[in-house]
Amino acid sequence: MTYYQNYDLRLSKNSIWLYKTPLYSTIENLNYIQEFGFFNTKFGYYTQRNNLRSYLILVTTEGRGVLEYENRNYEITPNSVIFIDCNRYQFYKCTTNNWKFYFIHFNGTSIKYCFKKYSNDKNVILFNRFLTTDLVNQIKKLINLDKYKNNNEFIISATISDIIANVLTVKLENKLQTIPQSIEQIKTFLDNNYAQKITLETIINNFYVSRSFIDKKFKFYYGITPIQYLNYVRIDKAKYYLRNSSLPMTKIAELVGINDCSYFNKLFKKNLDITPQKYRKNWKNCD
């Protein structure tokens, strides 16, 4: 699709706007910067774009702005962090004079996955003073690297990874603080009873919830469905037995709640891209 951009860059003289042109090998293997810096905007500033192959983190330190993204309007205030996919339409502008923000346009091999995890609740803004301070320091670090002509692609990639990790951690912590008790109880039930025969109907009957509620809510808070989580727990327990025992596959499958050994093998390989037999052999060879 055709890239589109329109803007009015009313910037103060102390603004910093830097560009990077990464090597092809960097684009193929690492996280990389496209643009970054600090903007001190004047009233009338705006940016409007679509179909840009880039992700943007924008950290506001002073002033206010608004963002239109994915059919939602966000009020941008001090200590707020925006993380968006610029391939989708976005429009943001200042609503006060001297809206000040640090920003970084970037991409990389894992960024699409990270953004999907971040935005699965359809909310792209965070409010956290400590996160804002940390991200500002990280972007200042990148600005200083550029100032001293340090273009070490590994330092840059690692810094982007740190930024993403911090943003995702705060987002997850915020989400976990609001998990309904019923959803926590279901997770605990799966953790403690993985060796039993459990279906979605089992969960529905034990917790008096609807199928749509449990699938939607559980996935909202944990990123996967209850049955996917149950399979994750079972595979994790099976890995322990494969590493630390000589039990036959049929017994291990039974211990983790799977009575069909062929299904156990299929599920294990689907999740880890390796058969349980090969997994055990690899670990034994490491001894």
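Reference entry: report on the structure contained in this document. All figures in this text were calculated on a predicted structure; none of them were measured in a lab.

### Concerning the sheet that holds strand β10 (residues 99-107)
- Pairing is antiparallel across the open sheet formed by six strands, whose spatial order is β2-β3-β10-β5-β8-β11. Looking at which strands have only one partner, the edges of the open sheet turn out to be β2 (16-19) and β11 (125-127). Put simply, the sheet's adjacent strands are angled 15° from each other on average, direction ignored.
- Pairing of β2 with strand β3 (residues 32-41) involves four bridges; the strand directions are antiparallel. Bridge pairing links Tyr-19 to Glu-35 in β3.

### Digging into the state of the cysteines
- In total, this model carries zero disulfides according to the counting rule given.
- Summary of cysteine pairing: Cys-114 is not part of a disulfide, and the nearest cysteine sulfur, belonging to Cys-86, is at 16 Å.
- The class for Cys-114 is buried, based on a relative accessible area of 13%.

### Remarks on the side chain of Ser-157
- Note on placement: Ser-157 falls in helix α4 (residues 153-176).
- For Ser-157, the contacting residues outside a window of four places in its chain are Leu-30 and Asn-31.

### What to know about the sheet that holds strand β9 (residues 90-94)
- A sheet is described by the order of its strands in space; here five strands give the open sequence β1-β4-β9-β6-β7, paired in antiparallel fashion. Of all the strands in the sheet, the pair left with one neighbour each is β1 (4-8) and β7 (72-76). Neighbour-to-neighbour, the strand axes of the sheet open up by a mean angle of 10°, direction not taken into account.
- Alignment of β1 against strand β4 (residues 46-50), held across five bridges, turns out to be antiparallel.

### Details of the nonpolar core
- Ranked by internal contacts, the top residues of the largest apolar core, which has 48 residues, are Ile-57, Leu-67, Phe-83, Ile-104, Phe-106 and Val-167.
- A per-element tally of this core places helix α3 (residues 129-147) first, with seven residues.
- Setting aside residues up to four positions removed in sequence, Ile-57 forms contacts with Val-81, Ile-82, Phe-83, Tyr-102, Phe-103, Ile-104, Phe-106, Leu-135, Ile-163, Ile-164 and Val-167.
- If you look at the next biggest cluster of nonpolar residues, it comprises 17 residues, including Phe-189, Leu-190, Ile-204 and Tyr-221.

### As for the environment of Tyr-55
- Examined against the element boundaries, Tyr-55 turns out to sit in strand β5 (residues 55-62).
- For Tyr-55, a relative accessible area of 8% gives the class buried.
- Along the chain, Tyr-55 and Ile-84 lie 29 residues apart, while their C-alpha atoms are 5.8 Å from each other.
- For Tyr-55, the contacting residues outside a window of four places in its chain are Gln-34, Phe-83, Ile-84, Asp-85, Cys-86, Ile-104, His-105, Phe-106, Asn-107, Ile-111, Lys-112 and Phe-115.

### Here we look at helix α8 (residues 226-244)
- Between its first and last C-alpha atoms α8 spans 27 Å; for 19 residues at 1.5 Å apiece the expected length is 27 Å, and the two agree.
- Every buried residue of α8 is listed here: Pro-226, Tyr-229, Leu-230, Asn-231, Val-233, Arg-234, Ile-235, Ala-238, Lys-239 and Leu-242.

### Some details on the pattern of salt bridges
- Counted by the stated rule, this structure contains eleven salt bridges.
- Put simply, Asp-8 and Arg-10 hold a salt bridge, and the shortest N to O gap is 3.0 Å.
- Assessed through its relative accessible area of 41%, Arg-10 is described here as partly exposed.
- The salt bridge partner of Arg-64 is Glu-75, with a shortest N-O separation of 2.9 Å. Taken as a pair, Arg-64 in the loop between β5 and β6 (65-69) and Glu-75 in strand β7 lie far apart in primary sequence, eleven residues in all.
- Residue Glu-75 is classed as partly exposed on the basis of its relative accessible area of 48%.
- Among the charged side chains, a salt-bridge network with shared partners connects Glu-70, Asp-85 and Arg-88.

### What about the packing of aromatic side chains?
- In total, this model carries 28 aromatic pairs according to the counting rule given.
- The interplanar angle of 50° and the centroid separation of 4.6 Å between the aromatic rings of Trp-99 and Phe-101 together place this pair among those described as tilted. When sorted by exposure, Trp-99 lands in the same class as Phe-101, which is buried.
- Put simply, the rings of Trp-17, Tyr-19, Phe-39, Tyr-45, Trp-99, Phe-101 and Phe-103 pair up and form one aromatic cluster.
- Between Arg-129 and the ring centre of Phe-130, over which it is positioned, the NZ or CZ distance is 4.5 Å.
- Positioned above the aromatic ring of Tyr-118, the side-chain terminus of Lys-171 is 3.9 Å from the ring centre.

What counts and how
- Residues numbered from 1 in each chain as written.
- Predicted model: local features only at pLDDT ≥ 70, side-chain atom pairs only at ≥ 80, totals over all residues.
- Heavy atoms only, no water.
- Pairing = 2+ DSSP bridges.
- Helix = DSSP H or I, 4+ residues; strand = E, 2+ residues; numbered from the N terminus.
- Axes fitted to C-alpha atoms, helices over the stretch in contact; angles between N-to-C directions.
- Disulfide = S-S within 2.5 Å.
- Buried < 20%, exposed > 50% of the residue type's maximum accessible area, 1.4 Å probe, protein only.
- Contact = heavy atoms within 4.5 Å.
- Core = buried A, V, L, I, M, F, W, Y, C linked by side-chain atoms within 4.5 Å.
- Expected span 1.5 Å × (residues − 1).
- Salt bridge = Lys/Arg side-chain N within 4 Å of Asp/Glu carboxyl O.
- Phe/Tyr/Trp six-rings, centres within 6.5 Å; stacked < 30°, edge-to-face > 60°.
- Lys NZ or Arg CZ within 6 Å of the ring centre and 35° of its normal.

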